[in-house]
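Residues per chain, in single letters:
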Amino acid sequence: MALVPYEETAEMGLQRFHKPLATFSLANHTIQIRQDWKQLGVSAVVWDAAVILATYLEMGAVELRGCSAVELGAGTGLVGMVAALLGAHVTITDRKVALEFLKSNVQANLPPHIQPRAVVKELTWGQNLGSFSPGEFDLILGADIIYLEETFTDLLQTLEHLCSNHSVILLACRIRYERDHNFLAMLERQFTVSKVHYDPEKDVRIYKAQRRSLREDL
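Presented here is an overview of the structure given in this document. Values in this document were obtained by computation on a predicted structure and should not be read as measured data. (Residues numbered from 1 in each chain as written. Predicted model: local features only at pLDDT ≥ 70, side-chain atom pairs only at ≥ 80, totals over all residues. Heavy atoms only, no water.)

Right, let's talk about the pattern of salt bridges for a bit. In total, this model carries five salt bridges according to the counting rule given. Among the salt bridges present, the one from Arg-174 reaches Asp-48, with a minimum N-O distance of 2.7 Å. Linking Arg-174 in the loop between strand E7 (163-173) and helix H6 (178-190) with Asp-48 in helix H2 (residues 48-58), this pair joins segments that are 126 residues apart in sequence. When sorted by exposure, Arg-174 lands in the same class as Asp-48, which is buried. Taking the shortest distance from any N to any O, the salt bridge between Arg-205 and Asp-203 comes out at 3.3 Å. For Asp-203, a relative accessible area of 28% corresponds to the partly exposed category. (Salt bridge = Lys/Arg side-chain N within 4 Å of Asp/Glu carboxyl O. Helix = DSSP H or I, 4+ residues; strand = E, 2+ residues; numbered from the N terminus. Buried < 20%, exposed > 50% of the residue type's maximum accessible area, 1.4 Å probe, protein only.)

Attention now moves to helix H5 (residues 152-162). Those residues of H5 that sit buried are Phe-152, Leu-155, Leu-156, Thr-158, Leu-159 and Leu-162. Each buried residue of H5 lies within a common arc of 160 degrees when the element is viewed along its axis, so the set occupies one face. In this structure, the buried residues of H5 make contact with strand E3 (68-72), strand E6 (137-143), E7, H6 and strand E8 (191-199). (Arc of directions from axis to C-beta. Contact = heavy atoms within 4.5 Å.)

What follows is the structure in structure tokens.
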């Protein structure tokens, strides 16, 4: 989500977010992300959870070649770009206000032969779901999108819409507040959820979720 306040502890600081460029070496490519904290806030900087999730994909945790993937609340698009570089067909989404900035980063970083595999598209959770087919994606990706409590219901509705019985959801996040635990509890009512990765240095967890089978609900 874009243009919303974000709490960050003083010791971590915000200096890195004010840098105009953030450079990463992922998927055998150098990715140089343009950042614009002043104009677009949280949607225009690279958060730790995005780097951890992109690295997790790079490790081969899921099969990406030929996979249909979507990144939610993509911001700078780092995770979606890495998925595309690793062979997935990716729809990289965010709200309308963040799309031009997102597109510029995707176009600047993906080689011409990869760009057809990465589509930037508007998605406001819970609102314009009609432009996406139900169960359209094999893989749903989200990095640091669990922090604004008033979006939780819309986010869950969006996940439900985009998932088939075989889809995998990967969410990378820090668990900072009680509301974060509340979201995971909400998620577990509709999906089978497990923690698949933890980065102790950044305190980032990756959760895997899949739609509950009818047998599990009985």
